[in-house]
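Coordinate analysis (summary)
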Amino acid sequence: MMSIPPTHPDARVESPFTYGRIWWLGVGFLGIQLAFSVYNSFLPLLYRDFLDSRALIGLLMGTDNLVGLLLIPVVGAWSDRVTSPLGRRLPFVVVGVPLAALTLFAIPFAASLLWTLIVIEVVFTVAMHLYRGPMAALILDHTPPPRRSTSSGIAQLLGNLGVLVSFAVLARLFDVDRRLPFGLGAVVLLVSLAVVWWCAERFPPHVDHTPASATNPVAETIRGIRRLADPRHRGALLVMVALLVTYVGFAGLQAMFTIYGVETLGLSEGRAASLLTAFAASFLVFALAAGMLGTRFGTIPTMLVGLATLPVLFLLAAAVREPTRLAVVLALAGAAWPLFGVPAVALAADLGGRDRIGFFIGLYYAFTMTGQMIGPFVLGTSMDWFGNASMWVTAAVLAGAGFVVLRVARPHLRDLPGPTRAPEHA
């Protein structure tokens, strides 16, 4: 007789929660971030064999964010309504990961022709975004609401570990054989699937998975977006706006920093890029601590501290011209950013209450990815008009705007369904 997996909606017995299971489930995020790092690092080099225009290469690479912007909210809403032997989220992981692994492995082999490379890239991004949102929701499903911020910190720590592995290990293999990073990245994806499946089958979720009536996921997404215009849900909309404006500044800094380092600081391209290692390493160290602070003091208070700190650091960076001192400022920013970014995922899940976690995780990705798409243009325009150092000032203003919007959102969250917890903390 086939037993009912713990992730099935009819499974009701819960084991005591431990963070150990979140570390196992977080391996799924390690695979996601490692795969995207390989994709973002090496696919432009393959396109360079066919295209001279850097703008066109950038446009093709932008299909990642565009596909995610269109797909993730719909998939998130869909995963809230799925009733299957594997539960709500795991079916998307089981389908998406093997397809993503296969297409990631195929990318260097498809590079013999431009059109085949484009087709494989599009299929890869569709596969990744098919399970990215449900993977985040799966982790939060397995976490009691008061502890979601810490679980988000664990997931983001493991995700950034995947990025570092990609840069430190797989990048060196590209010079040996350009197929190696893609092949090993595909293997990591499949291993992550095995680990996540094992853990999800072994431990039941802590979210009440009462079966909900299945609906058209596109229609459900449209209805959910329309609800944000309702004054009763103004707090949720304001949270998403705060995410959007803050990510515009953050993504713009990431994209334009190398230009700033070369033209303003007089560094080589390699050394300018290497300064960002200080930010990445600091983020890795402080991601878990930020999640724990969000659990201890509340998601919104922790996010507000991060948003209050970032403008000060950005303005300080604008005044620093010595690379070593700038690296110190970047390291401090790498400690402040997770105070905002890590609890934000938990807050998005809390906004979804019991039945719409997937939808709100999808909204989180849609708004942050929109910020990532337009950020380089916004800060680049600022640099054209006011000089390179203005990118820091613009990012500071946007982080400050995010602080104001989130502060305004806070009182409105008291009436929302779901344990936001934020209004109860100072």
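Cut-off values and rules
- Residues numbered from 1 in each chain as written.
- Predicted model: local features only at pLDDT ≥ 70, side-chain atom pairs only at ≥ 80, totals over all residues.
- Heavy atoms only, no water.
- Helix = DSSP H or I, 4+ residues; strand = E, 2+ residues; numbered from the N terminus.
- Expected span 1.5 Å × (residues − 1).
- Bend = angle between axes of the 7 residues up to and from the residue.
- Salt bridge = Lys/Arg side-chain N within 4 Å of Asp/Glu carboxyl O.
- Buried < 20%, exposed > 50% of the residue type's maximum accessible area, 1.4 Å probe, protein only.
- Patch = residues over 30% accessible without salt bridge, like charges linked within 9 Å, V, L, I, M, F, W, Y side chains within 5 Å.
- Areas by Shrake-Rupley, 256 points an atom, 1.4 Å probe, with all protein chains shown as cover.
- Polar contact = N/O pair within 3.5 Å; in protein donor to acceptor, adjacent residues only side chain to side chain.
- Contact = heavy atoms within 4.5 Å.

For the α-helix, the turn length of 3.6 residues means that residues three or four positions removed from each other point alike. Counted at 1.5 Å a residue, the expected span for helix α15 (residues 357-386) with its 30 residues is 44 Å, and the 42 Å between its end C-alpha atoms agrees. The axis of α15 is deflected most strongly, by about 40°, at Ile374, and proline Pro376 appears within four residues downstream. A positive backbone phi angle near 100° is found at Gly387, which sits one or two residues after α15.

Considering all chains together, one arrives at 4 salt bridges under this definition. Across the pair Asp49 and Arg178 runs a salt bridge, and its minimum N-O distance is 3.2 Å. Of the two residues, Asp49 is situated in the loop between α2 (27-47) and α3 (54-61) and Arg178 in the loop between α7 (148-174) and α8 (179-202); the sequence distance between them amounts to 129 residues. What makes Arg178 partly exposed here is its relative accessible area of 34%.

So, about a nonpolar patch on the surface. A surface patch of nonpolar side chains, amounting to about 360 Å² of accessible area, comprises Leu66, Leu70, Met373 and Ile374. Of all the secondary structure elements, the ones that give two or more residues to the nonpolar patch are α4 (63-79) and α15. With respect to the element layout, Met373 can be found in helix α15. The exposure class of Met373 is partly exposed, given its relative accessible area of 35%.

Now for helix α14 (residues 323-351). Helix length check: α14 (29 residues) gives 41 Å between terminal C-alpha atoms against 42 Å at 1.5 Å per residue, within 8%. The sharpest bend along α14 comes to roughly 30°, located at Ala344. Counting buried residues along α14, 24 of its 29 residues qualify, which places the element largely inside the surrounding structure. The opening residue of α14 is Glu322, an N-cap whose side-chain oxygen sits 3.1 Å from the backbone nitrogen of Thr324. Among the residues trailing α14, Gly353 stands out with phi positive, at a value near 60°.

What follows is about the side chain of Arg89. Mapped onto the elements of the fold, Arg89 is located in the loop between α4 and α5 (90-110). Arg89 gets classed as buried once you look at its relative accessible area, which sits at 1%. Among the polar contacts listed, one links the side chain of Arg89 to the side chain of Asp141, at a separation of 2.7 Å. Those residues within four positions of Arg89 in sequence are excluded, and the remaining contacts are Gly76, Ser79, Asp80, Pro134, Ala137, Leu138, Asp141, Ile357 and Gly358.

Limitation: the analysis is restricted to geometry and does not speak to function.
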